[in-house]
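# Residue-level structural notes
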Amino acid sequence: MNENHIADMAKMLKTMAHPIRLKILCLLQDREMTVGEIHQQVQTTNANVSQHLNILRNQGIIDYRKNANFIVNRISEGRILELIKTMRELFCSEEEHPNN
């Protein structure tokens, strides 16, 4: 592996390694969502959700599109979707971790 690839992966994982950002990514794995929809699920302020979305956007982890007066967020690429899916299977499965 190339040192630049290692550095890029470390930067991406560091960006994702925040509980609110991980929750946002788990939500976006299933479908595109507006800031308001994410806010309802994450249960923090709109400003806090927007701040975390901006961090994820700046790293290229998520993307957005405008739909009338709404900004709809989505995971930017298949590799990120696969990573989130794998992490959920490994760490969020009731069978694997019955006390969760």
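Residues numbered from 1 in each chain as written. Predicted model: local features only at pLDDT ≥ 70, side-chain atom pairs only at ≥ 80, totals over all residues. Heavy atoms only, no water.

An unreviewed UniProt entry annotates the chain as Transcriptional regulator, ArsR family originating from Desulfurivibrio alkaliphilus.

## Quick notes on the environment of Gln 59
Checked against the element boundaries, Gln 59 lands in the loop between α4 (46-58) and β2 (62-67). The exposure class assigned to Gln 59 is partly exposed, which follows from its relative accessible area of 32%. For the pair Gln 59 and Met 16, spaced 43 residues apart in the sequence, the C-alpha separation amounts to 9.5 Å. Those residues in contact with Gln 59 that lie beyond four places of it in its chain are Lys 11 and Thr 15. (Helix = DSSP H or I, 4+ residues; strand = E, 2+ residues; numbered from the N terminus. Buried < 20%, exposed > 50% of the residue type's maximum accessible area, 1.4 Å probe, protein only. Contact = heavy atoms within 4.5 Å.)

## Some words on the sheet that holds strand β3 (residues 70-75)
Strand order in the open sheet formed by 3 strands is β1-β3-β2, with antiparallel pairing between adjacent strands. The open sheet terminates on both sides in strands that have one partner only, identified here as β1 (33-34) and β2. Judged from the 2 bridges that link them, β1 and β3 form a sheet pairing that is antiparallel. Residue pairing across strands places Thr 34 opposite Val 72, the latter belonging to β3. With respect to the sheet, α4 is in contact with β2 and β3, its orientation differing from that of β2 by roughly 115°. (Pairing = 2+ DSSP bridges. Axes fitted to C-alpha atoms, helices over the stretch in contact; angles between N-to-C directions.)

## Some thoughts on the packing of helix α1 (residues 3-16) against helix α2 (residues 19-30)
Direction vectors running N to C along α1 and α2 enclose 95°, while the axes themselves pass 7 Å from each other. What the angle tells us is that α1 and α2 run roughly perpendicular. Between α1 and α2, the contacting residues are Lys 14, Thr 15 and Met 16 on the first element and Arg 21, Leu 22 and Leu 25 on the second. A breakdown of the residues in the contact of α1 with α2 according to their chemical character gives 3 nonpolar, 1 polar and 2 charged. (Parallel < 35°, antiparallel > 145°, perpendicular 65-115°, else oblique. Nonpolar A, V, L, I, M, F, W, Y, C, P; charged D, E, K, R; others polar.)

## Points about unusual backbone geometry
Although it is not a glycine, Gln 43 sits at a positive phi angle of roughly 60°. Within the secondary structure, Gln 43 is located in the loop between α3 (35-42) and α4. The class for Gln 43 is exposed, based on a relative accessible area of 68%. The backbone phi angle of Ala 68 is positive, close to 60°, even though this residue is not glycine. Position of Ala 68 among the secondary structure elements: in the loop between β2 and β3.

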